[in-house]
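Here are the chains, one letter per residue:
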Amino acid sequence: MLADKYRSRTILSSLLHRIRSASSPLRWLLLALGLAAATATASLAQAQRDLLSSLFHRHTAVMMFIEPESGLIVDANAAAERFYGYGPRGLTGRSIDEINALDPYEVAAERAQARAEQRSYFVFPHRLASGEIRTVEVYSSPVRLDNGQLVLFSIVHDITGKRVAEADLLDYRHRLEELVGQRTREAGAAQERTRNVLAGAVMAQLALIALLLVSIVRQRRSAWALARHEEQLGTLIDALPDVIRLKDGAGRWQQANRYALELFGLTDVDYRGRTDAELAFRQGDARRALLGHEQSDEEAWQAGAALRIEENIPTANGQCMVFDTIKVPLFHTDGSRNGLVSIGRDITERRHAESEIERLAYFDSLTGLPNRHLLLDRLAHALAVAQRSGHHGALLLLDLDYFKTLNDARGHEMGDRLLKAVAERLHEGLRASDTLSRFGGDEFVLLLPEIAAYEHQAADMARNVAEKMRSVIGLPFDIGGQPIALGVSIGVTLFPPAQGGEATELIKQADTALYQAKAAGRNAVRFFEPEMQARAEMRFTLETELRQAIDQNELRLYVQPQFDAERRMRGAEVLLRWHHPRRGLIPPASFIPIAEETGLIVELGDWVLHQACRLLTSPQMAGLPLRLSVNVSPRQFHRTGFVGRVRDILADTGADPERLTFEVTENLVIDKVHQTVATMSELNALGIRFSIDDFGTGYSSLSYLKRLPIDELKIDRSFVRDAPSDPNDAALVDAILSIAALLHIDVVAEGVETEEQAAFLAARAPMLYQGYLYARPEPVEAFLARLGGIPAAGCPSNGGDGPAL
Ligand SMILES: Nc1nc2c(ncn2[C@@H]2O[C@@H]3COP(=O)(O)O[C@H]4[C@@H](O)[C@H](n5cnc6c(=O)[nH]c(N)nc65)O[C@@H]4COP(=O)(O)O[C@H]3[C@H]2O)c(=O)[nH]1
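Residues numbered from 1 in each chain as written. Predicted model: local features only at pLDDT ≥ 70, side-chain atom pairs only at ≥ 80, totals over all residues. Heavy atoms only, no water.

Participant: It is not clear to me how unusual backbone geometry should be interpreted in this structure. Could you clarify?
Facilitator: Outside of glycine, negative phi angles account for most residues, and trans bonds account for most peptide bonds. The linkage connecting Phe495 with the following residue, Pro496, adopts the cis geometry, with an omega of 5 degrees. Assignment of secondary structure puts Pro496 in the loop between strand E16 (488-495) and helix H20 (503-519). The residue Arg89 is not glycine, and still its phi comes out positive at about 60 degrees. Tracing the backbone through its elements, the reader meets Arg89 in the loop between helix H4 (78-84) and helix H5 (96-99). Look at Arg522: it is not a glycine, yet its phi comes out positive at around 65 degrees. Mapping Arg522 onto the fold places it in the loop between H20 and strand E17 (525-527). (Helix = DSSP H or I, 4+ residues; strand = E, 2+ residues; numbered from the N terminus.)

Have a look at this one:
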């Protein structure tokens, strides 16, 4: 018996621990603990009576016994007296009709409605002593008292707040949208506090019911004496709108209230003595609802104390209900499993309300995009990450040009539809990590976190995205059959800012840039950082001019010869130059990346290949055993139809493919490796050789190299430059030479500028040499003149007349 008492205290202490935060429910539990202990000494029946009476009078829920015929209140608990405001014993003897604000016809109508909806509760307006009307849910069940009198046992829940909340949802939404960050956080904190208090109260109520069931299970042996009280308890728990179940130690159902039976579809089933699996003989949701509890049941057993979990239970209409469930394991005195009480409160509505509040608080209701609060939150996070990692991101503030005029002229409904369409277009093609947000009105913000390692790269990327946004918004919109043309002004700022600064500071910077974009005539992109603006402008201008460069004959082919150790010319690399009418000679490093990004490289690449093939067939070169190397960019190489285009150029010019080498970068090789192997093999079959440019600076591995038809490696000039003096570079050159020897691949050393470098390389392995020591890149005419002046494979003069780079 002592052990039994000890175990009961263990269960309670665990419950106490879980509800430590709720002070008034705590007192309740202490009371219940005293009562549970009292059952050990007093007569069982008396103890049960005391327990029920105490539960009734001290429970925080409003409870009453009502005489069904007359409507007289036979007894009411203290919570009821407090709620209705009639003072001690002020309710007893009063008629419920005095409290119910509906007339008898309306009461009858509500009862009929509840029956039709299969509700176990009624919704009534109840009048308090003060005259105030509250909306309540009444759970009512008939109970026979000891003296044989039939009364209605009613539990009353005040749901006025909930109703008001539903009615005010629309208004609430508008108000919420106006709230700014601080107020949202305050609301969140308050909500959290309310939830904790609620959770404490629920826990206490559930714990009390668990105690009652504990008591009953323990006293089952003298059940005949307690049958009456069990019946009363059954009535009480049937009236509660919670799922209450008792299983024995083997998981067989012993008792369940009406709510549980309805939820699990067991109202017409003899469930006692069966397990969940045995009861789950029906198909569909009823089956799924019953299964899936084993794990948490077992966790409660293992914990040996009350376990609180959130359970999702599917319902017949395909929805899912969420329950805040407490599971209390009961043990025999020898420690074996006796029973498991589960009590679950439906919190589905609360969860929905929470997610709705979150949606309203963080998302724009018109477009569904993140709103200002969420954007600021993500921006602060992105800023912190950027400050840590050193990577750069960008913030773009977009404002639709003349939207307000359009909105006023064509109506707000059209305006809303247009904003939605704009949001959809802007959203297309963004990365999952990007955040597009609507700041209100016609203002959108785009956050691009961690886009590049260097600031200038981030600026290029941001500008590209901004231009893309400008062009998608520039396409006409069709709103209800009306074509609408729009423009957008965009302000860009990069982060992390050099001087530090917070998220709001970045918004201000983007706003300043946006102002400049508008001042520049709208439909434009402006950077906050002046040097980024200058860079963006330069790139924009170059891009525009590069498009005309081919037609205006501003592009030139330069050629840089390659020699063997005996200084005999073996071939040459073709290099592109842009003779700009105003800017002079522009090096490829300044325009090839732009051409690559804009796709212009395809056209430029074709042009270069065409010129190189014509050079090969020129009378000066035709008779010489010289090869020409042509740079092929990734975008050009991976473009569909590249092989066909090469074939056409070969056919057009009559050049011998066996005298052509395509220089590709390491990264081109490892990107899309299957496609690369296929394309290279096709071109290789034509006779074209492949050379890996700047070898050692990328990420290719031996396994890739073995799979590809590579004929040549070019040692990057950064290794060549320092190899004689730097042991690390010397080791790298040695490694490259070993790989080439292993794979039987030729080697070209690039950027050889000194005799020392040439001697260093010559001492290691046979190779070709390219660099200023032998010849600078020179115009085609100079190269051809050089060929005319020297015998084939003869020694050239030092230095060309090409530009020093
Ligand atoms: N400091 C120094 N530099 C030397 C020396 N010898 C040669 N160079 C330079 O090294 C670069 C070698 O070209 P790359 O690695 O293919 O690198 C090329 C290539 O990747 C790209 N490029 C040039 N023309 C084309 C083209 O027609 N198509 C494509 N896709 N890319 C091209 O632009 C890059 C730069 O070309 P360039 O400015 O012509 O620069 C050339 C050349 O002028 C030397 O001794 N010292």
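Participant: Explain the pairing of strand E10 (residues 337-346) to me, please; I cannot follow it from the model alone.
Facilitator: Two faces make up the sheet, and in a regular strand the side chains alternate between them. Extensive coverage of E10 is indicated by the burial of 8 of its 10 residues. Bridge count for strand E9 (residues 320-331) against E10 is 9 bridges, and the pairing is antiparallel. Looking at E10, one finds that Phe323 is bridged to Asp346. Linkage of E9 to E10, two consecutive antiparallel strands, is achieved through a turn of 5 residues, within which Gly335 is found at a positive phi near 90 degrees. (Buried < 20%, exposed > 50% of the residue type's maximum accessible area, 1.4 Å probe, protein only. Pairing = 2+ DSSP bridges.)

Participant: Just to check I follow, could you spell out helix H15 (residues 348-362) for this structure?
Facilitator: Along an α-helix, residues three or four positions apart point the same way, because every turn accommodates 3.6 residues. Between its first and last C-alpha atoms H15 spans 21 Å; for 15 residues at 1.5 Å apiece the expected length is 21 Å, and the two agree. Taken as a whole, H15 has its buried residues at Thr348, Glu354, Leu360 and Ala361. (Expected span 1.5 Å × (residues − 1).)

Participant: Got a minute to help me understand the packing of helix H17 (residues 403-410) against helix H18 (residues 412-427) in this structure?
Facilitator: Between two packed helices, the angle of one axis relative to the other and the distance separating the axes together describe the packing. The interhelical angle for the contact between H17 and H18, taken along N-to-C directions, is 135 degrees, at an axis separation of 6 Å. When the axes of H17 and H18 are compared, the pair comes out oblique. Contacts from Phe403, Leu406, Asn407, Asp408 and Arg410 in H17 reach His412, Met414, Gly415, Leu418 and Leu419 in H18. Split by residue class, the contact of H17 with H18 holds 5 nonpolar, 3 polar and 2 charged. (Axes fitted to C-alpha atoms, helices over the stretch in contact; angles between N-to-C directions. Parallel < 35°, antiparallel > 145°, perpendicular 65-115°, else oblique. Contact = heavy atoms within 4.5 Å. Nonpolar A, V, L, I, M, F, W, Y, C, P; charged D, E, K, R; others polar.)

Participant: Help me understand the pattern of salt bridges, please; the structure alone is not making it clear to me.
Facilitator: Pairs can form between side chains of opposite charge whenever their charged atoms are close. Tallied over the full model, the rule gives 39 salt bridges. Here Glu311 makes a salt bridge to Lys327, at a shortest N to O gap of 3.5 Å. Residue Glu311 is located in strand E8 (residues 307-314), and its partner Lys327 is located in strand E9; the two are separated by 16 residues in the primary sequence. Look at Lys327 and you get buried, because its relative accessible area is 0%. In this structure, the salt-bridge partner of Glu755 is Arg567, at a minimum N-O distance of 3.1 Å. Taken together, the positions of Glu755 in helix H32 (residues 755-762) and Arg567 in the loop between strand E18 (555-563) and strand E19 (569-580) put the pair 188 residues apart, joining distant regions of the chain. (Salt bridge = Lys/Arg side-chain N within 4 Å of Asp/Glu carboxyl O.)

Participant: I keep staring at the packing of aromatic side chains and nothing clicks. Help me out?
Facilitator: The way to describe two aromatic rings as a pair is by their centre distance and the angle between their planes. Inspection of every chain in the model, using the stated rule, returns 14 aromatic pairs. Between Phe65 and Phe153 the ring centres are 5.1 Å apart and the planes differ by 40 degrees, which places this aromatic pair in the tilted class. Of this pair, Phe65 sits in strand E1 (residues 62-66) while Phe153 sits in strand E5 (residues 150-158), placing them 88 residues apart in sequence. Of the two residues, Phe65 and Phe153, neither departs from the other in class, the shared state being buried. With 5.6 Å between their ring centres and 85 degrees between their planes, Trp578 and Phe591 make a pair best called edge-to-face. (Phe/Tyr/Trp six-rings, centres within 6.5 Å; stacked < 30°, edge-to-face > 60°.)

Participant: Can you walk me through the sheet that holds E5 in this structure?
Facilitator: In sheet architecture, strand pairing relies on hydrogen bonds along the backbone and comes in two forms, parallel and antiparallel. In spatial order, the strands read E2-E1-E5-E4-E3; together these 5 strands make up an open sheet with antiparallel pairing. Edge positions in the open sheet fall to strand E2 (73-76) and strand E3 (121-127), since each of these has one partner strand only. When strand polarity is set aside, the average angle formed by the axes of neighbouring strands in this sheet is 35 degrees. Pairing analysis gives 5 bridges linking E1 to E5, with the strands arranged antiparallel. Each bridged residue has a counterpart across the sheet, and for Ile66 the counterpart in E5 is Leu152.

Participant: I tried to follow the environment of Arg258 on my own but got confused; where do I start?
Facilitator: Examined against the element boundaries, Arg258 turns out to sit in helix H11 (residues 258-263). Assessed through its relative accessible area of 32%, Arg258 is described here as partly exposed.

Participant: Before we go on, may I ask you to explain the pairing of strand E7 (residues 253-256) in this structure?
Facilitator: For strand E6 (residues 242-248) and E7, the ladder comprises 3 bridges, and the chain directions are antiparallel. Bridging from a neighbouring strand, Arg245 pairs with Ala256 of E7.

Participant: Just to check I follow, could you spell out the packing of helix H16 (residues 372-389) against H20 for this structure?
Facilitator: Relative to each other, H16 and H20 sit at 105 degrees, their axes nearing to 9 Å. As judged from the angle between their axes, H16 and H20 are roughly perpendicular. Each of Leu375, Leu376, Leu379, Ala380 and Leu383 in H16 lies in contact with H20, whose residues at this interface are Ala503, Thr504, Leu506 and Ile507. Classifying every residue of the contact of H16 with H20 by side-chain character gives 8 nonpolar, 1 polar and no charged.

Participant: Is there a simple way to explain the confidence of the model for the chain in this structure?
Facilitator: It should be kept in mind that the predicted coordinates are not to be read in detail where pLDDT is low. Summarising the model, the chain shows a mean pLDDT of 80, and 80% of its residues fall at 70 or more. Low confidence marks residues 193-198, where pLDDT is under 50. Its contacts with residues over four positions away, or in another chain, come to 3 contacts. (pLDDT = per-residue confidence, 0-100.)

Participant: Looking at this structure, I do not really get the sheet that holds strand E13 (residues 443-452). What am I missing?
Facilitator: Taking strand neighbours across the sheet as the criterion, the 5 strands line up as E12-E13-E11-E16-E17 in an open arrangement whose pairing is mixed. Each edge of the sheet is formed by a strand with only one pairing partner; in this case those strands are strand E12 (435-440) and E17. Taking each pair of neighbouring strands and ignoring which way they run, the sheet shows an average axis angle of 20 degrees. Across 7 bridges, the pairing between strand E11 (residues 392-400) and E13 is antiparallel. Bridge pairing links Leu398 to Phe444 in E13. With respect to the sheet, H20 is in contact with E11, E12, E13, E16 and E17, its orientation differing from that of E16 by roughly 145 degrees.

Participant: Mind showing me how you'd approach the side chain of Thr348 here?
Facilitator: Within the secondary structure, Thr348 is located in helix H15. Judged by relative accessible area, Thr348 falls into the buried class, the value being 10%. There is a polar contact of 2.5 Å between the side chain of Thr348 and the side chain of Asp346. Beyond its immediate chain neighbours, meaning those up to four positions away, Thr348 contacts Cys320, Met321 and Val322. (Polar contact = N/O pair within 3.5 Å; in protein donor to acceptor, adjacent residues only side chain to side chain.)

Participant: Is there a simple way to explain the side chain of Asp248 in this structure?
Facilitator: Its place among the elements puts Asp248 in strand E6. Overall, Asp248 belongs to the buried group, its relative accessible area being 14%. A polar contact of 2.9 Å, which involves the side chain of Asp248, links it to the backbone nitrogen of Ala250. At 3.3 Å, the side chain of Asp248 forms a polar contact with the side chain of Gln254. Beyond its immediate sequence surroundings of up to four residues, Asp248 is in contact with Gln254, Trp301, Asn338 and Gly339.

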